[in-house]
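The lines below spell out each chain.
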Amino acid sequence: MDDRSRILLSAVLGALAGGVAGYLYLTDDGRRVRERLEPGLEDLGRELRRLRGAIDRARVAAEEGWQTIEDLRRPAARPGGGWGGSGRPPTAS
C-alpha cells in the first residue's frame with residue numbers, strides 16, 4: 001500500500017468515525033442509542049477489569065512457579081547445599 005492509499009484510507013476512516021460520533025452525540029436518535037448501549041458497555045468494562053485482575057494474578061503465580069522450579073533445579077546454589085545443610089537429599093526414616 002503506497003502513501004496515497006494510506007492517506008485516503010485514513011481520511012475515510014476519520015470521516016466515518018466523525019460521522020458516527022456526531023450522530024451519537026448530536027442527535028436525539030443517537031442519544032437513545034447511547035442510552036441503550038451504555039449499560040452493556042459498562043458491564044463489558046467491568047468484565048475486562050476483572051479479566052485483567054485475573055491475568056495479573058495468573059502472571060504472579062506463574063512467576064512464583066518458575067522461581068520455585070529454578071530453586072529446585074539448583075539445590076547446590078542454596079546455603080548448605082539446599083538439603084538442610086547435609087548436601088544430600090533427606091532419606092525416609
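Let me begin by describing the structure that accompanies this report. (Residues numbered from 1 in each chain as written. Predicted model: local features only at pLDDT ≥ 70, side-chain atom pairs only at ≥ 80, totals over all residues. Heavy atoms only, no water.)

Applying the stated rule across the entire model yields nine salt bridges. Residues Arg31 and Glu35 are paired through a salt bridge, measuring 3.1 Å at the closest nitrogen-oxygen approach. Of the two residues, Arg31 and Glu35 are both situated in helix H2 (residues 28-73); the distance of four residues between them amounts to about one turn of the helix. Residue classification places Arg31 among the partly exposed residues on the basis of a relative accessible area of 33%. For Glu35, a relative accessible area of 45% gives the class partly exposed. Here Glu47 and Arg50 are joined by a salt bridge, their closest N and O atoms 3.1 Å apart. (Salt bridge = Lys/Arg side-chain N within 4 Å of Asp/Glu carboxyl O. Helix = DSSP H or I, 4+ residues; strand = E, 2+ residues; numbered from the N terminus. Buried < 20%, exposed > 50% of the residue type's maximum accessible area, 1.4 Å probe, protein only.)

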